[in-house]
Protein chains: 10
Amino acid sequence: MRTLFVQVKCELGDAYKTAAEAIESVEHVSEVYSTSGQYDLLMKCYIPEDLDIGHFVTEQIQRLPGVRDTFTTLAFKAF
Amino acid sequence: MRTLFVQVKCELGDAYKTAAEAIESVEHVSEVYSTSGQYDLLMKCYIPEDLDIGHFVTEQIQRLPGVRDTFTTLAFKAF
Amino acid sequence: MRTLFVQVKCELGDAYKTAAEAIESVEHVSEVYSTSGQYDLLMKCYIPEDLDIGHFVTEQIQRLPGVRDTFTTLAFKAF
Amino acid sequence: MRTLFVQVKCELGDAYKTAAEAIESVEHVSEVYSTSGQYDLLMKCYIPEDLDIGHFVTEQIQRLPGVRDTFTTLAFKAF
Amino acid sequence: MRTLFVQVKCELGDAYKTAAEAIESVEHVSEVYSTSGQYDLLMKCYIPEDLDIGHFVTEQIQRLPGVRDTFTTLAFKAF
Amino acid sequence: MRTLFVQVKCELGDAYKTAAEAIESVEHVSEVYSTSGQYDLLMKCYIPEDLDIGHFVTEQIQRLPGVRDTFTTLAFKAF
Amino acid sequence: MRTLFVQVKCELGDAYKTAAEAIESVEHVSEVYSTSGQYDLLMKCYIPEDLDIGHFVTEQIQRLPGVRDTFTTLAFKAF
Amino acid sequence: MRTLFVQVKCELGDAYKTAAEAIESVEHVSEVYSTSGQYDLLMKCYIPEDLDIGHFVTEQIQRLPGVRDTFTTLAFKAF
Amino acid sequence: MRTLFVQVKCELGDAYKTAAEAIESVEHVSEVYSTSGQYDLLMKCYIPEDLDIGHFVTEQIQRLPGVRDTFTTLAFKAF
Amino acid sequence: MRTLFVQVKCELGDAYKTAAEAIESVEHVSEVYSTSGQYDLLMKCYIPEDLDIGHFVTEQIQRLPGVRDTFTTLAFKAF
């Protein structure tokens, strides 16, 4: 299992709808936080070895309602 | 009570309407300043412990008329 | 009197109309330059003590035809 | 043969269509990866000496469906 | 009285010493917060009309122990 | 309990020592990842309500051996 | 004669039309290159002493078909 | 005569010495301001046609005591 | 096998020594290019599934002579 | 022959020595300009097909006295 962090900038006023949708409908999204800073949300995802991370971000995160931009950070090792 | 600073970039020419609306209609906005620099406004908010800061920013600040972008900075400690 | 510098990014091809309009119609604009770099114009304004600088920028500069973005720098002291 | 790297930001949700199209229809695209970070794709291209790289990027990469922005990096020497 | 916000980046590990020193020894510093984001501290200062803001920042804030960089934002109007 | 994310840029070659030290010696650090992108590490911390987050970052994270810069992002709400 | 460099970001797929138009129809454009990096084109212009550089950029370069953004760099001295 | 704006970042605490030195000892510096934002000073210079601007900035501004970085913006036309 | 791209900024004048050392002494470095843009080198690495990517970058790339900064981009899928 | 543009940030006060040295001692440097903006110099180089551009930049430009940073832009096509 790989750990992926996706920071999401949402359309103004939509972040909480996007977050709720992500938790509810996107299987591998494990944790979703609204956050301080430039991005509205930080999603922590656990991606099975056999799932293409890029496809997951493109098809499942970027297509959530209210998403305006995404920045992905992959965890190499959990200490 | 937590102290939150929200820098707001407004639609061109709208900053003062946004500011007036914020002071008037958004309960936890304590101070609003028009400012130098890249952002038009700086809002200082006092957020009760039981209120979700992210929800406040998303639903109450980002939906104010004239808002184009927001950047949130949370105060950890007031000295 | 306070000295304010406003860098202005204009709609493509409009900078000289914006500049002419500023000099002609905006009272406290003292000098306007087209400039090298990322911004198209640099406006030097003298703002009387009783005039709100933020209001001036928002209502008088940002609403000039052709303005796309503004960045304000206030002079604290003239040596 | 010259080696060119093109980072591509795609319209939300389109990266995998863009990638598939690139591999299928753009002759000199050698490798395409979906990637972490701000860009969605990284394309590695081998450009024959007699082909204009700028023209290739402009006409063949930028016109792929779903492309929103491109950043090109040329390899000077392969060690 | 003018309201000035100074964001301060400190030497690693020094922010709380800098903050304590500011509150204790710098007269016009009204509020100091440790904050989220790239800067360590946000100082809110009330500057009398007869005091040069630039001089205040340069001589009194930038010379506090542990300061590594400063970014100043002036409030034009308090709504 | 509050959730805090701290991105850490380390001295070249030191990230894994910093990470090991963090996990071992800093009580509220819950998860530490080495990551892709500009920063070397991402630390997820759970901070008790009575602990000052700014003090924690300044005194416990920034003083870890090998730390060169930090960027803090606070989670407002966990969905 | 002054030497001016204008970096041009074009609409996706349009850079070569813009370049051809510039060479053909803009008198003081001396050299035009498609380039690596974030911008699509670099134009080297020789501007007679009696011609306003800002006006030239605004009216003749920014109005070329396909231009999306410009960044101007003036040469002070040719060694 | 050409108008040149030079933004100057100074060593911490030195901006006012740098400004005083500039006004006193650098002939073509016409106005010097301490300013809000990331830079400490903004210098407005009038440069005779026969003086090399780059040489002026390099040899006379950058060598002032306390200068840490400079950013030059040339005025093309004064409206 | 995972594909990793590491952009490397080197000490001035050292890039080619760093590149040679990387190709010669770092097992999983597959291709090294000197490149246009802000970074000096782009390294393409194939990392076996059982090797920690973060550890590889930290211990083997960042410790190469002449390295000044690194930026890592992971390929999720090769099309 | 390939056309290469190298923007050079110099040590404070050194740009003109660096430029003179470049013109005098670096064979493929064709034109050197001191420029407006963040960089001090822009060098236009003509690089023979058999010369490694990266090696040229690393060994001949970056090692000039006074160089602090370089940014290279390659011309793909001259219109």
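Remember, predicted model here, so these are calculated numbers, not experimental data.

Colleague: I would appreciate a short explanation of the overall build of chain A in the present structure.
Modeller: What chain A contains, in helices and strands, is two helices and four strands. Against the 2.2 N^0.38 benchmark of 12 Å for 79 residues, chain A shows a C-alpha radius of gyration of 12 Å, consistent with a compact globule. Viewed in the frame of its principal axes, chain A has a C-alpha envelope of about 35 × 25 × 20 Å. Residues counted as buried form 66% of the 79 residues belonging to chain A. By sequence separation, contacts in chain A at least 24 residues apart represent 66% of the contacts at least 6 residues apart.

Colleague: Looking at this model, I keep getting lost on the packing of aromatic side chains. Mind explaining?
Modeller: The full count for this structure, using the stated rule, is 25 aromatic pairs over all chains. Consider the rings of F5 of chain A and F5 of chain F, whose centres lie 6.3 Å apart with planes at 70°: the pair is edge-to-face. Linking F5 of chain A in strand β1 (residues 2-10) with F5 of chain F in strand β1 (residues 2-10), this pair reaches from one chain into another. The pair F5 of chain A / F5 of chain F is uniform in exposure class, with both members buried. With centroids separated by 5.3 Å and ring planes inclined at 70°, the aromatic side chains of F5 of chain B and Y33 of chain E adopt a geometry described as edge-to-face. Residue F5 of chain B is found in strand β1 (residues 2-10), and its partner Y33 of chain E is found in strand β2 (residues 29-35); the two belong to separate chains. Between K77 of chain A and the ring centre of F79 of chain A, over which it is positioned, the NZ or CZ distance is 5.2 Å.

Colleague: Sorry, what's going on with the relation of the copies chain A and chain F here?
Modeller: Between the two copies of the chain lies a rotation about an axis combined with a shift along it. The two copies are related by a screw motion: chain A maps onto chain F through a turn of 180° and a shift of 0.0 Å along the axis, at an RMSD of 0.0 Å. The relationship between the two copies is best expressed as a two-fold rotation axis.

Colleague: Whenever I open this one, the interface of chain A and chain F confuses me. Can you help?
Modeller: In many analyses, interface size is given as the accessible surface area lost on bringing the parts together. Contacts between the two partners involve 24 residues from chain A and, on the opposite side, 24 residues from chain F. Summed over both sides, the interface of chain A with chain F buries roughly 2,000 Å², with 66% coming from carbon and sulfur. When the buried surface of chain A facing chain F is broken down by residue, Y33, S36 and F79 of chain A rank first, second and third, together holding 33% of it. At the junction of chain A with chain F, the criterion picks out two salt bridges.

Colleague: Before we go on, may I ask you to explain the environment of G54 of chain I in this structure?
Modeller: Turning to its location among the elements, G54 of chain I is positioned in helix α2 (residues 53-61). Here G54 of chain I falls in the buried class, since its relative accessible area comes to 5%. On a C-alpha basis, the gap between G54 of chain I and T72 of chain I in space is 9.3 Å, while along the polypeptide they are 18 residues apart. Apart from residues lying up to four places away in sequence, G54 of chain I is in contact with F76 of chain A together with Y16 and S34 of chain F.

Colleague: Sorry, what's going on with the environment of V6 of chain E here?
Modeller: All names here are of chain E. Inspection of the secondary structure puts V6 in strand β1 (residues 2-10). Under the relative-accessibility criterion, V6 is labelled buried at 0%. If near-sequence neighbours (up to four positions away) are discounted, V6 is found in contact with L41, L42, M43, C45, V57, I61, T70, F71 and T72.

Colleague: Quick question: what am I supposed to make of the sheet that holds β1 of chain F here?
Modeller: To summarise the sheet geometry, strands pair through backbone hydrogen bonds and adopt either a parallel or an antiparallel arrangement. With respect to topology, eight strands assemble into a closed barrel ordered β1(A)-β3(A)-β2(A)-β4(F)-β1(F)-β3(F)-β2(F)-β4(A), the strand pairing being antiparallel. Each strand of the sheet is rotated relative to its neighbour by a mean of 35°, with strand direction disregarded. Note: strand β4 (residues 67-78) of chain A against strand β2 (residues 29-35) of chain F, three bridges, orientation antiparallel. Residue pairing in the sheet places K77 of chain A in a bridge with S34 of chain F of β2 of chain F.

Colleague: Is there a simple way to think about the arrangement of the chains in this case?
Modeller: The least C-alpha distance between chain C and chain D, which are not in contact, is 19 Å. Contact between chain B and chain J is absent, and the minimum C-alpha spacing across the pair is 19 Å.

Colleague: For this particular structure, what's the right way to read the pattern of salt bridges?
Modeller: When the charged atoms of two side chains with opposite charge come close together, those side chains can pair. Here the structure, examined in full by the defined rule, presents 60 salt bridges over all chains. Across the salt bridge formed by R2 of chain F and E49 of chain F, the nearest N and O atoms sit 3.7 Å from each other. With R2 of chain F in strand β1 and E49 of chain F in the loop between β3 (41-47) and α2 (53-61), this residue pair connects regions lying 47 residues apart in the sequence. Note that E31 of chain G is salt-bridged to K44 of chain J, the shortest N-O span being 2.5 Å.

Colleague: For this particular structure, what's the right way to read empty space enclosed by the protein?
Modeller: By rolling a water-sized probe across the atoms, one finds the places where empty space is left. The final tally for this structure, using the stated rule, is 14 cavities of 30 Å³ or more. Of the voids in this model, the largest cavity is the one considered here, and its volume is about 130 Å³. Residues of the lining of the largest cavity, tallied by class, amount to eight nonpolar, six polar and no charged.

Colleague: Is there a simple way to explain the sheet that holds strand β2 (residues 29-35) of chain G in this structure?
Modeller: The strand order around the closed barrel formed by eight strands is β1(G)-β3(G)-β2(G)-β4(J)-β1(J)-β3(J)-β2(J)-β4(G), and the pairing between neighbours is antiparallel. Taking the axes of each pair of neighbouring strands and ignoring which way they run, one obtains an average angle of 35° across the sheet. Sitting on the sheet, helix α1 (residues 15-25) of chain G touches β1 (2-10), β2, β3 (41-47) and β4 (67-78) of chain G together with β4 (67-78) of chain J, and the angle it makes with β2 of chain G is about 170°. Packing of helix α1 (residues 15-25) of chain J onto the sheet brings it into contact with β4 of chain G together with β1 (2-10), β2 (29-35), β3 (41-47) and β4 of chain J, and relative to β2 of chain J it is tilted by some 170°.

Colleague: What should I look at first to understand helix α2 (residues 53-61) of chain J in this one?
Modeller: Count 3.6 residues to each turn of an α-helix, and residues three or four apart come out pointing the same way. Taken together, the buried positions of α2 of chain J are occupied by I53, G54, F56, V57, T58 and I61 of chain J. N-capping of α2 of chain J is provided by D52 of chain J, with a side-chain oxygen placed 2.8 Å from the backbone N of G54 of chain J.

Colleague: Looking at this structure, how should I read the pairing of strand β1 (residues 2-10) of chain H?
Modeller: Two faces, one strand: in a regular strand the side chains alternate between the faces of the sheet. All names here are of chain H. Most of β1 is tucked away: eight of the nine residues are buried. Judged from the seven bridges that link them, β1 and strand β3 (residues 41-47) form a sheet pairing that is antiparallel. Its bridge partner lying in β3, V6 is registered against M43.

Colleague: Just to check I follow, could you spell out the UniProt feature "domain: Transcription regulator AsnC/Lrp ligand binding" (unreviewed entry) in chain A for this structure?
Modeller: When the UniProt feature table is mapped to this numbering, "domain: Transcription regulator AsnC/Lrp ligand binding" (unreviewed entry) covers residues 6-77 of chain A. Along residues 6-77 of chain A, the helical share is 28% and the strand share 42%, with 16 Å between the first and last C-alpha atoms.

Calculation criteria
Residues numbered from 1 in each chain as written. Chains lettered and ligands numbered in written order. Predicted model: local features only at pLDDT ≥ 70, side-chain atom pairs only at ≥ 80, totals over all residues. Heavy atoms only, no water. Helix = DSSP H or I, 4+ residues; strand = E, 2+ residues; numbered from the N terminus. Rg over C-alpha atoms; globule rule 2.2 N^0.38 Å. Buried < 20%, exposed > 50% of the residue type's maximum accessible area, 1.4 Å probe, protein only. Contact = heavy atoms within 4.5 Å. Phe/Tyr/Trp six-rings, centres within 6.5 Å; stacked < 30°, edge-to-face > 60°. Lys NZ or Arg CZ within 6 Å of the ring centre and 35° of its normal. Least-squares fit on C-alpha atoms with pLDDT ≥ 70 in both. Buried area = accessible area lost by both parts, 1.4 Å probe. Salt bridge = Lys/Arg side-chain N within 4 Å of Asp/Glu carboxyl O. Pairing = 2+ DSSP bridges. Axes fitted to C-alpha atoms, helices over the stretch in contact; angles between N-to-C directions. 1 Å grid on protein atoms, 1.4 Å probe; cavity = no way out; pocket = protein on both sides within 12 Å on 5 of 7 lines; lining within 4 Å. Points joined across faces, edges and corners; volume = space filled by probe spheres on them. Nonpolar A, V, L, I, M, F, W, Y, C, P; charged D, E, K, R; others polar. Polar contact = N/O pair within 3.5 Å; in protein donor to acceptor, adjacent residues only side chain to side chain. UniProt positions renumbered as here; feature names shortened; annotations may be inferred.

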